[in-house]
Amino acid sequence: MISVFTLSPQMNPNKSNIMHFSHITPISPVSLNYLIENWPIGYSLLDVRGKEEFSLGSIESSFNLPLDIFFESLQFPEGEFSKKFGFDKPPIEDNLIVCCEDGQKGSILCAEKSRECGYKRVHILEGGIKGYVNAGFQLVGKDNSMTIVPPSYPFLSTERLKDMLRDASVKNLIVLDVRRKDELQNFGVLDCAKNIPTEVFSHLFSLGEEEFLSHAGFQKPGKESQIILYCRSNRRAKYVFLLAFEFGYRNIFVFKDGVMGLSQIDQKVIPYESYDVTDPIPAPLPSPPPLS
């Protein structure tokens, strides 16, 4: 029997679709904490509270860009921005996350201003700093430590994935490859898989069915779907698992063996080392023997 992940009190299954694709989408404290600890995709975290509030406690890896100068600041050239504020200007292609004290007016206004400045993947931290603390996560410069129970990921082994793909009795099965498109082109993909890059997952799944189909090229999975997530290792797949759970999906599984395991199922998938889109394409790694 396939196990179904159960709800953690830190996760919100009723995430509202507050924006359309390429607009503003929410991110939960749980998902943000995974980003901070594992860095599965490029992101920038901007805290728009005042300098004094920021100094009393902030989220790890966040930078302070107060609300009253936010819009003006994002219009500065990169070199001038860095000199004035002491950190690099967020890259336009990053997932830009905005947070304030409570995730309300300050965050919403700055997120909208970010869109006006050309940022395409903009998120608001649900509940703001208060929500992050209430979820049990610690701020830098302030001792509010609590015991955090990490999510329990429902992993699939290579053998189990192969059995599920062969089993005609498994209904509503969708396999999602959450790698970048260049990785698929350079190192192959399962024939049965659909591709939604991790960087745009939240934006796509905030769409209605017609818009999703238009952007993704396939029908939006229903809540009854059994979704298998995979990437090069399993780091991005685990992050997308958290996002999918917040969108109300419950039958979600993470393939734990990455492309090394996939190459045992389909020899068109080639193992490779991690690389960024701007890096040279790495040489293929040796594939393990195929499963019988």
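Residues numbered from 1 in each chain as written. Predicted model: local features only at pLDDT ≥ 70, side-chain atom pairs only at ≥ 80, totals over all residues. Heavy atoms only, no water.

### Details of the pairing of strand β2 (residues 43-47)
Two faces, one strand: in a regular strand the side chains alternate between the faces of the sheet. The buried count for β2 comes to 5 of 5 residues, which makes it a mostly enclosed element. A two-sided burial pattern is seen for β2, the buried positions comprising Tyr 43, Leu 45 and Asp 47 on one face and Ser 44 and Leu 46 on the other. Looking at chain direction, β2 and strand β4 (residues 95-99) are connected through 5 bridges and run parallel. Directly across from Leu 45, in β4, lies its bridge partner Ile 97. Sheet analysis places β2 next to strand β3 (residues 62-64), joined by 3 bridges and oriented parallel. Of the residues in β3, the one forming a bridge with Asp 47 is Asn 64. (Buried < 20%, exposed > 50% of the residue type's maximum accessible area, 1.4 Å probe, protein only. Helix = DSSP H or I, 4+ residues; strand = E, 2+ residues; numbered from the N terminus. Pairing = 2+ DSSP bridges.)

### A short note on the layout of surface pockets
There is about 710 Å³ of room inside the largest pocket. Lining of the largest pocket is provided by 30 residues; of these, Ile 41, Arg 180, Glu 199, Arg 236 and Asp 276 occupy positions nearest its centre. Going through the elements one at a time, α8 (181-187), α10 (209-216) and α11 (235-246) are the ones with two or more residues in the lining of the largest pocket. Partitioned by chemical class, the residues of the lining of the largest pocket number 12 nonpolar, 7 polar and 11 charged. (1 Å grid on protein atoms, 1.4 Å probe; cavity = no way out; pocket = protein on both sides within 12 Å on 5 of 7 lines; lining within 4 Å. Points joined across faces, edges and corners; volume = space filled by probe spheres on them. Nonpolar A, V, L, I, M, F, W, Y, C, P; charged D, E, K, R; others polar.)

### Here's the deal with the side chain of Ser 31
Its location among the elements puts Ser 31 in helix α1 (residues 29-38). Look at Ser 31 and you get buried, because its relative accessible area is 0%. Within the structure, Ser 31 has its side chain in polar contact with the side chain of Glu 246 (distance 2.9 Å). Residues within four places of Ser 31 in sequence aside, it is in contact with Tyr 239, Leu 242, Leu 243 and Glu 246. (Polar contact = N/O pair within 3.5 Å; in protein donor to acceptor, adjacent residues only side chain to side chain. Contact = heavy atoms within 4.5 Å.)

### Considerations on the environment of Glu 199
With respect to the secondary-structure elements, Glu 199 resides in the loop between β8 (193-195) and α9 (201-205). A relative accessible area of 16% places Glu 199 in the buried class.

### Brief notes about the confidence of the model for the protein chain
Across the protein chain, the average pLDDT comes to 88, with 89% of residues at or above 70. Here residues 1-22 is modelled with pLDDT under 50, and outside its nearest four sequence neighbours on either side it reaches 60 contacts, counting other chains as well. (pLDDT = per-residue confidence, 0-100.)

### As for the state of the cysteines
Covalent bonding between the sulfur atoms of two cysteines is what defines a disulfide. Under the defined criterion, the tally for this structure stands at 0 disulfides. Cys 100 takes part in no disulfide bond, and the closest cysteine sulfur, belonging to Cys 99, lies 7.3 Å away. (Disulfide = S-S within 2.5 Å.)

### Let's talk about the pattern of salt bridges
Per the counting criterion, the structure on display carries 9 salt bridges. Asp 182 is the partner of Arg 180 in a salt bridge, and the nearest nitrogen-oxygen pair spans 2.9 Å. According to the relative accessible area criterion, Arg 180 is buried, its value standing at 14%. Across the pair Asp 266 and Lys 268 runs a salt bridge whose closest N-O atoms are separated by 3.2 Å. The exposure class assigned to Asp 266 is buried, which follows from its relative accessible area of 12%. (Salt bridge = Lys/Arg side-chain N within 4 Å of Asp/Glu carboxyl O.)

### Brief notes about the nonpolar core
Formed by 45 residues in total, the largest nonpolar core has its most connected members in Leu 32, Ile 59, Leu 176, Ile 196, Phe 201, Phe 205 and Leu 229. Per-element accounting of this core gives the leading share, 8 residues, to α11. (Core = buried A, V, L, I, M, F, W, Y, C linked by side-chain atoms within 4.5 Å.)

### Brief notes about the sheet that holds β8
Across the sheet, 5 strands lie side by side as β6-β10-β9-β7-β8; this open sheet has parallel pairing. Every other strand in the sheet has two partners, leaving β6 (155-156) and β8 as the edge strands with one partner each. Here strand β7 (residues 173-177) pairs with strand β9 (residues 226-230) via 5 bridges, running parallel. Within the sheet, the bridge partner assigned to Val 175 lies in β9 and is Ile 228. Sheet strands touched by α11: β6, β9 and β10 (252-255). Its angle to β10, the strand with the most contacts, is close to 175 degrees. (Axes fitted to C-alpha atoms, helices over the stretch in contact; angles between N-to-C directions.)

### Focus: the sheet that holds strand β1 (residues 24-27)
As summarised here, the arrangement of the 5 strands in space is β1-β5-β4-β2-β3, forming an open sheet in which the pairing is parallel. Sheet topology places β1 and β3 at the edges, where each strand pairs with a single neighbour. Going across the sheet, the axis of each strand differs from the next one's by a mean of 35 degrees, ignoring polarity. Of the strands in this sheet, β1, β2, β4 and β5 (121-125) are in contact with α1, which crosses β1 at around 85 degrees.

### Quick notes on the side chain of Asp 177
The topology assignment puts Asp 177 in strand β7. A polar side-chain atom of Asp 177 sits 2.7 Å from a polar atom in the side chain of Tyr 230. When near neighbours in sequence (up to four residues on either side) are disregarded, Asp 177 contacts Leu 184, Val 189, Ala 193, Lys 194, Asn 195, Ile 196 and Tyr 230.

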